[in-house]
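# Per-entry structural report
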Amino acid sequence: MAPVRRDGHRDSDDPAASLTGPAVLPPRVRRALLIPLRRRQRVEAETDDEIRFHLAMRADALVARGLSREEAEAEALRRFGALEEVRPRLLAAAKHRQETLTMFERFDALRDDLRYTFRQLRRAPGFSAALALTFALGIGANATMFEIVDRLLFRPPAFLDDSDRVGRIYLRRPRADGTERIDNNISYLRYAELRDKTRAFDAAAAVYQDERVVGTGTDARMLYVGLVSSSFWPMFDAPPLIGRYFTADEDRTPGGTPVAVLSHGYWRSQFGGTSDAIGKQLRVGGKQYTIIGVTPKGFNAIWQSNTIAYLPITAAAFEMFGTERYYMEHNASWLEMIARLRPGVTRAAANAELTSHFRQSRLDAAARQPEPQTIKPADLAQTRGEIAPLLYDRGPKATDSAKVATWLAGVAAIVLLIACANVANLLIARGIRRRREIAVRVALGVGRGRLITQLLTESVVIAILGGVAGLALAHWGGGALRRLLLPDVDWSLVPLFDARVLLFTSAAAIVTGLLTGLAPAVHALHADVNGALKAGEREGGGQRARLRTALLLSQAALSVVLLVGAALFVRSLRNVETSRLGWEPERMLHIRLDMQGVELSDPERLALNQRILDRLRTLPGVAKASTAFSIPFWSTWSEDVIVPGMDSASRLRTYVVNPVTDDYFAAMGTRLLRGREVGVADGAKAPHVAVISESMGKLLWKGQDPIGQCFHLGADTTPCRQVVGIAEDVAFGDLKDDQTLQLYVPSGQIGAITARFIIRTSGDERAAAEPIRREVQVMLPGTGYANIRSLATVLDPAMRQWRLGATMFTVFGLLALVLAAVGLYAVIAYDIAQRMREMGVRVALGAQSGDIRRLVLWQGVRVAAIGAALGAAIALFATRYVESLLFETSARDPIAFASAIGTILVVAILAAVLPARRATRVDPVVALRAE
Amino acid sequence: MEPLAVLRGTLDVLVLKALTWGPMHGFEITAWIEERATGNLDVVDSALYQSLYRLEERRAIAATWGVTENNRKARYYNITPAGRAELRNETARWLRYAETVTGILTTPQPA
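As a convention, each chain's residues are numbered from 1 in the sequence order in which they are written. Chain A is the first chain written and ligand 1 is the first ligand written, with later ones labelled in order. Totals for whole chains, interfaces and linings use every residue, but because this is a predicted model, local features are given only for residues with pLDDT of at least 70 and side-chain atom pairs only at 80 or more, for both listing and counting. Think of the side-chain values as coming from all heavy atoms in the structure, minus any hydrogens and water.

### Comments concerning the pattern of salt bridges
Only one rule defines a salt bridge in this text: a Lys or Arg side-chain nitrogen within 4 Å of an Asp or Glu carboxyl oxygen. Throughout the structure, instances matching the rule amount to 44 salt bridges over all chains. One salt bridge connects Arg155(A) with Asp498(A), and the closest N-O pair in it is separated by 2.6 Å. Highlighted residues: Arg155(A) in the loop between α5 (125-154) and β1 (166-174) and Asp498(A) in the loop between α13 (448-485) and α14 (499-525), separated in sequence by 343 residues. The two residues Arg155(A) and Asp498(A) agree in class, both being buried. Here Arg842(A) makes a salt bridge to Glu838(A), at a shortest N to O gap of 3.0 Å. Of this pair, Arg842(A) and Glu838(A) both sit in helix α22 (residues 836-844), separated by four residues, roughly a single helical turn. With a 1.4 Å probe rolled over the protein chains alone, any residue whose accessible area is under 20% of its type maximum counts as buried; one over 50% counts as exposed, and the rest are partly exposed. Note on Arg842(A): relative accessible area 35%, which makes it partly exposed. Within the structure, one salt-bridge network assembled from shared partners comprises Arg58(A), Arg79(A), Glu34(B) and Asp45(B). Counting from the N terminus, the helices are DSSP H or I runs at least four residues long and the strands are E runs at least two residues long.

See the structure below:
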């Protein structure tokens, strides 16, 4: 029996009112008040209705057979089943049914939308491809930046247990000149003290990554090895692939046990990936280590660069320092300490405890000195210890690289916005063409919500396609950029389908698609249905044109902002590269001797150094050679300086001391401005002399000639050194704002400390390195080892942030420019196509082709000019935030602004040229006739 | 004779068969089955609705609210193509089952 009407008309009969279940308001009341029922209540109400109806029908049928009303109703209830039991089950079944059906509905809708979308895409493949490519550029840029920023700031080391509770220890203390010194490099003794005493930590380890010569003979390579304490391994959830890790017994002072754990990659490539690697020997530096285990794949400790093996820190330390004193005194600060907070302990509590132990450690060390020193209470009060996030760029010594990278992530987002604006514009233009189709659908009764979902599905699908392409772009194209900007990271360990990047890219694609599709979707819906269905309607005016113009303006503005940023960073980079460092970093090598426990007396040491120096100077590839200790950007030795008659010279700055010998200045490329250099002739018995840097002279002896003046080095009981020469300033710690002053003393007059050799080669220093090293190696007694490295590599990290900024801003700026140009071209071309009739009229009324061309060009240039002005205003406001990242470039550099604005105007003209030409070719007769 | 309890799952196929006669509401289906069962089946009404909801969930039938001749609001069910297919299959299986069991049970005893 079919229903008479399907319109939900309600009857007033209600025989089983007792069926209404618990509700805020009884469903009947709600219905009476026309309040829409919530879905769950609705299902309940409907089920109750159904039951009630059934009972009523049954009762009626029974009455028709002769029962009384009460008997009939009772019998109806009986035949239905025990209501208290049965009703809940039916309600549950109904709810389940409803949920399932809703889910089906949604899937069906999605499937239909997808099918429709793909049909649309196939119909206009070129258009769809253009959209997807635009998205790909934007999303790819963001994926690349995400990977970089993620590695610098967010990604915890693989396999680390409880990574948010693990941190790096930094110790702060005031310097003589009042500035604060923050050390993440500490001595072994201090590490041991803090490890033993700090109860806030339930795990602590000492770590140090060093570049060592691994292997022998022609197979020798400079590779990164990790020196770690045995307590390092339990902090990771990374059981060894084969073998085992070293234990506390193998990591005892003074010399540990020479064992080694290989990284997975090195084990596969150098030891065949077989289990008989265990027990073999690995030569690192001057020592042989026995391999005892291999780490699992993907393990890279806490460092970004590829570490090939891990050694017990005590075993390798002894080789480095050659003396047992490394763990008994504080004079060498080299290793880093990482620790894990005990559960329930806050960072603040841990910091407080660290601070008190560090202060005590300093006091103990001062008291142990042969001449006990005191630490001023003010100094002690500023002595602090803290545990900071493990990632270096999130600690107190974060490099500017991380800041630049974060800015660049913002820039990438801007590029994506520009891309979205492009796609939105194009979608709106196409939406105008599809007005009719959409109007038909609205007329057929498709709900607004459904329509919007459909349109959004389109843009999301295009965005996802673009996202996939963008991911590929980021992986291969971005790869070159990543290697340039973060060369330390072993990018070969990064898989294509890294979970975090995939997640980020998917999210970016979906958000992009939704954002981009919203404006065209809403616009399409505001279509006037009747107007659209009528034929002959001319399109493209009014509100839509305003939106398109607004999008274009914002594109132009954003492009200008990026171009300004690019120009500023490029200028910075050029300034950095041409800035005066005070030394020449090309073709420079540096040799450090590891004496491997060989004890030499001071005279023996001096003699050895001289012999090596003499030998080096005779080698064919060596142009100049000298000894030094303090190397810019790498190691410094600082001392107090006391000037007679001047109070607290020490407090003014940090003085970097460099014991040198003949030819130092020639080898380093530091210019000697006045006077003479110091060398062998200034022996221990000769008058004490020194060469000082230009700024030091200006600071300490204002207005006077520094040559001839004298000062005490270290304490005022030492002989007063006479200044015999002035050298140019050298940038020691900071390219931008170096506050150090340098002084050079003859190495013979300062006592024999571990000397280092600097060499300027006549040719490529990388090729000459190993042969020179071997020459020195044969001269070392016993198992001494000569370490050699190129000095250009110490400079790279310092230059990195400028290079990063310049390269990425330029790349993104150009990308933005291309996108904006394409967008401008597309919109102008479309607009002209719509205005063909108007052009025809103009030509018919006597306009020359020149007039038409000017008209079109002016349209493009006007939008670009306004957008550029807007962008310049935004840039003027925003660039002050990056001023600290620039180098000798003002954030309001007029040339940068002018070139950015000029570029966008030129691009706008170029983009308008083709449509202008097309406009001049219009045949007025054809245009006027067409509809 | 005592009416027989309806075996599990059989109710579904009976409902589907009923609906091939056209759209019906729950009571109509009950009445239809009772009529054709001629008192031999004991159908508990609530079990019928369980069956209806299950069938609806797997889209063998679809439901809409409508109005009866007496202007009462009722939930009408109709069979879907998927339901027809299910009916065909289940009928075939049931017949095969019944035939087989009947055949075994009516095998004459050896003399």
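### With respect to the confidence of the model for chain B
Residue and element names in this part refer to chain B. pLDDT is a per-residue confidence score from the predictor, ranging from 0 to 100. Of the residues in chain B, 100% reach a pLDDT of 70 or more, and the chain-wide mean stands at 91. Averaged pLDDT values over the elements of chain B bottom out at 82 in strand β1 (residues 4-5) and peak at 95 in helix α4 (residues 81-105). Predicted complex, confidence summary: ipTM 0.92, pTM 0.70.

### Overview of the packing of aromatic side chains
All names here are of chain A. The pairing test for Phe, Tyr and Trp rings, Trp by its six-membered ring, is centres within 6.5 Å, and the orientation test on the planes gives stacked under 30 degrees, edge-to-face over 60, and tilted for anything in between. Overall, the coordinates contain 24 aromatic pairs over all chains when judged by the stated rule. Seen from their ring centres, Phe 236 and Phe 299 are 5.0 Å apart, and the 75° between their planes marks the pair as edge-to-face. Here the residue Phe 236 occupies a position in the loop between β4 (221-228) and β5 (242-243), and Phe 299 occupies one in the loop between β8 (287-294) and β9 (307-312), the gap between them amounting to 63 residues. Judged by its relative accessible area of 4%, Phe 299 falls in the buried class.

### Notes on the nonpolar core
Residues and elements named next belong to chain A. Buried residues of nine kinds, namely Ala, Val, Leu, Ile, Met, Phe, Trp, Tyr and Cys, make up a nonpolar core once their side-chain atoms join them within 4.5 Å. If you look at the biggest cluster of nonpolar residues, it comprises 79 residues, and the most contacted ones within it are Met 145, Leu 408, Tyr 664, Leu 735, Tyr 744, Ile 758 and Phe 812. Top contributing element to this core by residue count: helix α21 (residues 792-834), with 15 residues. Here a residue-residue contact requires only that any non-hydrogen atoms of the pair lie within 4.5 Å. Filtering out sequence-adjacent residues up to four positions away, Leu 735 remains in contact with Val 576, Leu 581, Phe 633, Ala 798, Met 799, Trp 802 and Phe 887. Core analysis: the next-biggest nonpolar cluster, separate from the first, contains 45 residues, Ala 204, Ala 206, Ile 291 and Ala 315 among them.

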